[in-house]
2 protein chains.
Amino acid sequence: MDGKKSSGTDPARSLALLWGSHTKPGRSGLTVRAIVDAAIGIADAEGLDALSMRHVAERLGVGTMSLYTHVPGKSELTDLMVDRAYGELYDDVGAPSAQPGGWRGAMEFVAVRNWELYRRHPWMLQIITARPVLGPNVSLKYEAELRPLDGIGLTDVEMDSVLTLILTHVEGTARVQASLDQVQQDTGMSETEWWLASAPVLDKVMDPSHFPVASRVGQAAGQAHQGASDPVHALTFGLARILDGVAALIAQR
Amino acid sequence: MDGKKSSGTDPARSLALLWGSHTKPGRSGLTVRAIVDAAIGIADAEGLDALSMRHVAERLGVGTMSLYTHVPGKSELTDLMVDRAYGELYDDVGAPSAQPGGWRGAMEFVAVRNWELYRRHPWMLQIITARPVLGPNVSLKYEAELRPLDGIGLTDVEMDSVLTLILTHVEGTARVQASLDQVQQDTGMSETEWWLASAPVLDKVMDPSHFPVASRVGQAAGQAHQGASDPVHALTFGLARILDGVAALIAQR
DNA sequence: CCTTGTCCCGTACGATGTACGGTACAAGGT
DNA sequence: ACCTTGTACCGTACATCGTACGGGACAAGG
């Protein structure tokens with residue numbers, strides 16, 4: 001669910017680029033690595049909307065079209081950015097499984113690490129929705145995150161399902177968090193400010209008697225979270241329920 | 001996590017538009033309702049990327065800039081589209097709570113209905129990531145989905161948390177499904193075709209001994225799902241775990 | 001009949017990704 | 001040492017986007 005096609009029509013080309021060497025310089029010293037890092041810098045600082053080929057080229061001091069010598073197009077560039085960013089996740093493939101607290105502790109570690117990564121690079125959430133980027137770092141991440149689930153009574157397919165469930169949950173809540181940050185940055189209004197500006201209009205236009213449960217619960221939740229939504233709470237609450245559910249699955253064997 | 005700012009800087013204006021009358025025609029017969037419906041038609045048929053103001057105007061046989069008389073900008077238009085689409089969800093506010101199977105049956109019903117809605121209008125997933133669209137239909141949806149959770153031993157805040165958890169899960173899996181469909185449409189390759197095209201390159205470039213668990217589990221999952229991922233399975237598996245977790249929360253009271 | 005306000009919309013501007021073709025450099029063969 | 005060939009670089013151009021601006025035309029109130 002990103003914008004245009006998420007990658008060129010040729011998977012072989014994309015894969016070769018992802019797994020190939022990114023440090024071989026052209027005659028002006030330009031490398032794939034440098035392009036990707038510049039792009040990540042821009043996306044981190046100014047958001048994915050500000051990421052344009054012209055902008056990247058300008059930052060590198062090269063002509064815009066020179067980028068196309070090293071990267072087939074923008075979608076391949078964003079794929080490269082995603083794989084590179086996922087490389088920040090774990091120092092070691094064994095990091096999650098080395099965590100205390102068994103599989104549950106490991107999965108909480110995985111969730112937190114992913115959450116923090118998405119907070120650092122919120123633009124990732126606008127890209128990864130499409131077909132997974134099968135790069136080297138993504139593969140390593142998959143291995144690292146599966147290992148703690150191995151040998152605890154789940155089938156291979158269930159291991160994949162559980163991991164997918166947890167990662168989908170983290171992505172979903174991180175997406176909400178990122179959106180809140182973005183709206184706040186765009187409008188200059190904090191979550192509570194925006195809510196305060198909306199409240200009088202809502203009161204005038206919306207009759208609470210038509211929404212008895214919604215208005216009661218919305219009031220309580222709004223008060224508790226100091227805003228329309230609290231992604232951090234959603235993350236931890238949801239993760240606890242999910243892990244309880246997985247534990248139940250394991251126990252019933 | 002959509003593109004630009006998700007709505008104008010003025011919440012009051014957006015809310016007034018959402019809750020206002022959409023059927024009052026201008027002197028050429030143009031209405032907000034007609035604009036929104038035309039936009040939805042385009043997004044359904046050609047995707048959100050094909051949705052442009054020019055395109056909408058052309059379909060309605062009016063000048064492009066005439067749209068701006070009725071709608072402040074494109075982001076407000078997409079907000080209107082979302083609220084309108086959510087109106088399709090339930091015929092009656094009591095529909096979910098009238099479902100058999102208690103709260104669990106009701107929540108399964110809610111999940112399936114949302115899932116089907118997103119399959120019908122996949123473009124919604126590219127919009128709703130930002131701050132919730134506080135329109136009339138969204139409010140009604142919130143009420144309808146909260147009711148089955150009322151009076152089953154959850155606090156008000158927990159009711160909101162549980163619903164958020166379920167909806168986030170459905171959105172996340174629906175997003176994957178939508179992405180798969182989009183990639184398939186863009187490239188003309190089915191999931192399995194794409195995988196077959198990638199496999200030889202991956203074999204050459206990726207050493208399975210470095211990813212023992214990942215390659216074993218990936219193999220098993222790929223075989224079971226006939227592709228890199230199976231969103232329908234992810235939806236049902238995840239929902240079962242989540243509801244088990246919620247049941248555990250209720251039971252421990 | 002004139003004034004005023006509102007609706008309609010043509011033109012224009014600054015973006016975007018990238019196709020195309022030209023230029024200039026580095027390496028290999030003689 | 002010179003020529004050939006391939007490839008890296010990049011300037012220009014095009015189609016597309018959202019929408020700011022201002023002018024023209026119609027409806028209603030005085």
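Residues numbered from 1 in each chain as written. Chains lettered and ligands numbered in written order. Predicted model: local features only at pLDDT ≥ 70, side-chain atom pairs only at ≥ 80, totals over all residues. Heavy atoms only, no water.

1. Quick look at the packing of aromatic side chains
Aromatic rings in a pair are described by how distant their centres are and how their planes are angled relative to each other.
Residues and elements named next belong to chain A.
Then step 1. In this structure the tally under the stated criterion is four aromatic pairs over all chains.
Then step 2. On the numbers, 6.4 Å between centres and 75° between planes, the contact of Y86 with Y118 is edge-to-face. One end of the pair, Y86, is in helix α5 (residues 74-86); the other, Y118, is in helix α6 (residues 102-120), and 32 residues separate them in sequence.
Then step 3. Residue placement shows R241 over the ring face of F237; its charged tip is 4.7 Å from the ring centre. (Phe/Tyr/Trp six-rings, centres within 6.5 Å; stacked < 30°, edge-to-face > 60°. Helix = DSSP H or I, 4+ residues; strand = E, 2+ residues; numbered from the N terminus. Lys NZ or Arg CZ within 6 Å of the ring centre and 35° of its normal.)

2. Some words on the pattern of salt bridges
All names here are of chain A.
Then step 1. What the rule picks out here adds up to 22 salt bridges over all chains.
Then step 2. In this structure, R241 and D244 form a salt bridge, with 3.2 Å as the shortest nitrogen-oxygen distance. Highlighted residues: R241 and D244, both in helix α11 (residues 231-251), separated by three residues, approximately one helical turn.
Then step 3. Residue R241 is classed as buried on the basis of its relative accessible area of 11%. (Salt bridge = Lys/Arg side-chain N within 4 Å of Asp/Glu carboxyl O. Buried < 20%, exposed > 50% of the residue type's maximum accessible area, 1.4 Å probe, protein only.)

3. Notes on the relation of the copies chain A and chain B
Relating one copy of the chain to the other takes a rotation about an axis and a shift parallel to that axis.
Then step 1. Between chain A and chain B, which share one sequence, the superposing operator has a rotation angle of 180° and an axial displacement of 0.0 Å; the RMSD is 0.0 Å. Taken together, the rotation angle and the small translation identify this as a two-fold axis. The position closest to the rotation axis in chain A is occupied by the C-alpha of G245 of chain A, lying 2.1 Å away. (Least-squares fit on C-alpha atoms with pLDDT ≥ 70 in both.)

4. Some points on helix α9 (residues 191-205) of chain A
Then step 1. With 15 residues, α9 of chain A should reach 21 Å at 1.5 Å per residue; the first-to-last C-alpha distance of 21 Å fits that figure.
Then step 2. The largest bend in α9 of chain A amounts to roughly 35° and is located at A199 of chain A, with the proline P200 of chain A lying one to four residues further along.
Then step 3. Next to the buried residues of α9 of chain A lie α8 (156-187) of chain A together with α1 (11-19) of chain B. (Expected span 1.5 Å × (residues − 1). Bend = angle between axes of the 7 residues up to and from the residue. Contact = heavy atoms within 4.5 Å.)

5. Considering the protein's contact with DNA strand C
Then step 1. In the vicinity of DNA strand C there are 20 residues, among which R54 of chain A together with R27, M65, S66 and H70 of chain B approach most closely.
Then step 2. A share of 45% of the atoms of DNA strand C within 4 Å of the protein falls on sugar and phosphate groups.
Then step 3. Between a phosphate oxygen of DNA strand C and a main-chain N or O atom of G63 of chain B, the distance comes to 3.1 Å.
Then step 4. Those elements that provide at least two residues to the surface near DNA strand C are α3 (53-60) of chain A together with α4 (67-70) of chain B.
Then step 5. Among the residues making up the surface near DNA strand C, the classes are represented as six nonpolar, nine polar and five charged. (Near = heavy atom within 4 Å. Polar contact = N/O pair within 3.5 Å; in protein donor to acceptor, adjacent residues only side chain to side chain. Nonpolar A, V, L, I, M, F, W, Y, C, P; charged D, E, K, R; others polar.)

6. Topic: the protein's contact with DNA strand D
Then step 1. Near DNA strand D lie 20 residues; those nearest to it are R27, S28, M65 and H70 of chain A together with R54 of chain B.
Then step 2. At 2.6 Å, a side-chain N or O of S28 of chain A approaches a phosphate oxygen of DNA strand D.
Then step 3. One nitrogen or oxygen atom from the side chain of K74 of chain B is found 2.9 Å from a phosphate oxygen belonging to DNA strand D.
Then step 4. Only α4 (67-70) of chain A together with α3 (53-60) of chain B provide two or more residues apiece to the surface near DNA strand D.
Then step 5. Of the residues contributing to the surface near DNA strand D, the split by class is seven nonpolar, nine polar and four charged.

7. Details of the interface of chain A and chain B
Then step 1. Contacts between the two partners involve 78 residues from chain A, matched on the other side by 78 residues from chain B.
Then step 2. For the pairing of chain A and chain B, the buried interface totals around 6,900 Å² over both sides, and the portion due to carbon and sulfur atoms is 73%.
Then step 3. Taken together, chain A and chain B are joined by four salt bridges.
Then step 4. Measuring nitrogen to oxygen at the nearest pair gives 2.9 Å for the salt bridge that ties D156 of chain A to R216 of chain B.
Then step 5. There are eight residue pairs in polar contact (both at pLDDT 80 or more) connecting chain A and chain B.
Then step 6. Those elements that place two or more of their residues in the side of chain A that touches chain B are α1 (11-19), α7 (136-146), α8, α9, α10 (212-225) and α11 of chain A.
Then step 7. With 20 residues, the single largest contributor to the side of chain A that touches chain B is α8 of chain A. (Buried area = accessible area lost by both parts, 1.4 Å probe.)

8. A closer look at helix α5 (residues 74-86) of chain B
Residue and element names in this part refer to chain B.
Then step 1. End to end, α5 covers 19 Å across 13 residues, agreeing with the expected 18 Å (1.5 Å per residue, within 8%).
Then step 2. The buried count for α5 comes to 11 of 13 residues, which makes it a mostly enclosed element.
Then step 3. Among all positions of α5, only S75, E76, L77, T78, D79, L80, M81, V82, D83, A85 and Y86 are buried.
Then step 4. Buried-residue contacts for α5 involve α1, α2 (32-46), α3, α6 (102-120) and α7 (136-146).

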